[in-house]
Structure formats: structure tokens, C-alpha cells
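Structural overview
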Amino acid sequence: MEPEELLNENNNDKKQSPLLSLETDLRFFNESIKEVAIEIMVEGLSSYPIFIAHQHEIALGEVILDRHDINSEWSIHASTLEEFIERGVIKKELKQRFIDTYKNAHDFMCVFVIVPEGANFVFFPYVKD
């Protein structure tokens, strides 16, 4: 079985999973995303940068890559754990659990992926030079 088949709900459907295009975008914008993550940490805004990948309009974080401007399928916003808690996306009582599962921000981008079926966190490794 091919990896692409695993991402499709119906293997007879030739429509590709939107997650394949997200992976392409994350690899392509890898360096820009990492620079923003480092800036968030260096400026003391947060030790836990979170990037939001979406294909619709959302009111969370700040736009760093707008899909309409960059001819892409995904927009990326930059946010932080603190904003996610403040806005109620992550409950205060689950803060430590999130921190415990958070991967090294110098090696992985934390991406909150929003699709019509729901949303989830993904830790995507930065492409090494």
C-alpha cells in the first residue's frame, strides 16, 4: 500500500488528501517558519510557538503566509501556547500535558492543522540543511 492511499478515506477515490499539499507547503516554507519560531522564542514571547495551518479564514494568531499571496493551498498563522490557552483552544488544566508532549522547537514545528473534519496538533520536523 502506498502512503498516499493511507491518507485517503476512500481508496477508490482519486482525490488526494489535503494533508499531502500541506506537507509540500511545510517543506517549501520550512526556513521561513523556523525563523519565525526562533524570533518568538528569542523575543521572549513564548517558549512554545505554534503554527496554524488552514484553508479558511480564522481569527487566531498572526498571518505569516497567506495562501492567496503565495499561490499555495494553505495559509500559516503564528501563535503561541499562551494565546491558545487564553482563547480556550487548550484548557488551562491541560497546559502541562501539552508542554510534556511538545517537541524541541529547534527541531520540530508545532502545527495546529485545521481541516473541515476537525483540528489536531502535528509536530513536523524541520528540513535539515
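Not measured: the values here are computed from a predicted model.

Conventions we followed
- The written sequence of each chain sets the order in which its residues are numbered from 1.
- In keeping with the model being predicted, local features are shown solely for residues with a pLDDT of at least 70 and side-chain atom pairs are shown and tallied solely at 80 or more, while totals for entire chains, interfaces and linings include all residues.
- Hydrogens and water molecules were not included; the side-chain quantities draw on all heavy atoms of the structure.
- Lining residues are those with an atom within 4 Å of a point, where the points come from a 1 Å grid over the protein atoms alone and group into cavities, where a 1.4 Å probe fits but cannot get out, or pockets, open sets with protein on both sides within 12 Å along at least five of seven lines.
- Grid points are joined across faces, edges and corners, and a volume is the space filled by probe spheres set on the points.
- Going along the chain from the N terminus, every DSSP run of H or I of four or more residues is numbered as a helix, and every run of E of two or more is numbered as a strand.
- In this analysis, strands are considered paired if DSSP registers two or more bridges between them.
- Orientation is described by lines fitted to C-alpha atoms, with helices fitted over the stretch in contact, and by angles between N-to-C directions that extend from 0 to 180 degrees.
- When checking whether two residues touch, look at their non-hydrogen atoms; a contact exists if any pair is within 4.5 Å.
- Here a polar contact is taken to be a pair of N or O atoms separated by no more than 3.5 Å, where protein atoms must pair a possible hydrogen donor with a possible acceptor and residues adjacent in sequence count only if both atoms sit in side chains.
- Any residue under 20% of the maximum accessible area for its type is buried, any over 50% is exposed, and the rest in between are partly exposed; the area is computed with a 1.4 Å probe on protein chains only.
- Remark: nonpolar core denotes a set of buried residues (Ala, Val, Leu, Ile, Met, Phe, Trp, Tyr, Cys) joined through side-chain atoms within 4.5 Å.

Concerning the layout of surface pockets
Taken as a whole, the second largest pocket encloses approximately 220 Å³ of empty space. Lining the second largest pocket are 13 residues, with Ile 40, Leu 45, Glu 62, Ala 78 and Ser 79 sitting closest to its centre. For the lining of the second largest pocket, the elements supplying multiple residues, two or more each, are α3 (30–42), β2 (62–65) and β3 (75–80).

So, the sheet that holds β2
With mixed pairing, five strands are arranged side by side in an open sheet as β2-β3-β1-β4-β5. The outermost strands of the open sheet, each flanked by one partner alone, are β2 and β5 (118–125). Strand-to-strand, the axes of this sheet are offset by a mean angle of 35 degrees, without reference to chain direction. Strand direction decides the pairing type here: strand β1 (residues 49–54) and strand β4 (residues 108–115), joined by three bridges, are parallel.

Let's talk about the environment of Glu 83
If you trace the backbone, Glu 83 turns up in helix α5 (residues 81–86). In sequence terms Glu 83 and Gly 61 are 22 residues apart; their C-alpha atoms lie 7.6 Å from each other. Apart from the residues lying within four places of it in its own chain, the contact partners of Glu 83 are Leu 60 and Gly 61. Polar contacts involving the side chain of Glu 83 include one to the side chain of Ser 79, which spans 2.6 Å.

Quick word on the environment of Leu 26
Along the chain, Leu 26 falls in helix α2 (residues 18–28). For Leu 26, a relative accessible area of 4% gives the class buried. Those residues within four positions of Leu 26 in sequence are excluded, and the remaining contacts are Ile 33, Ile 76, Met 109, Val 111 and Phe 124.

Describing the nonpolar core
One finds Leu 26, Ile 33, Phe 51 and Met 109 to be the most contacted residues of the largest nonpolar core, which totals 18 residues. With four residues, the single largest contributor to this core is β4. Grouped together as the second largest cluster of nonpolar side chains are 13 residues, Ile 50, Phe 84, Cys 110 and Phe 112 included.

Some words on the side chain of Thr 80
Summarising the element assignment, Thr 80 is placed in strand β3. In this structure Thr 80 comes out as buried when scored by relative accessible area, which is 14%. With sequence-adjacent residues up to four places away left out, Thr 80 is seen in contact with Ile 40, Ser 46, Tyr 48, Pro 49 and Ile 50.

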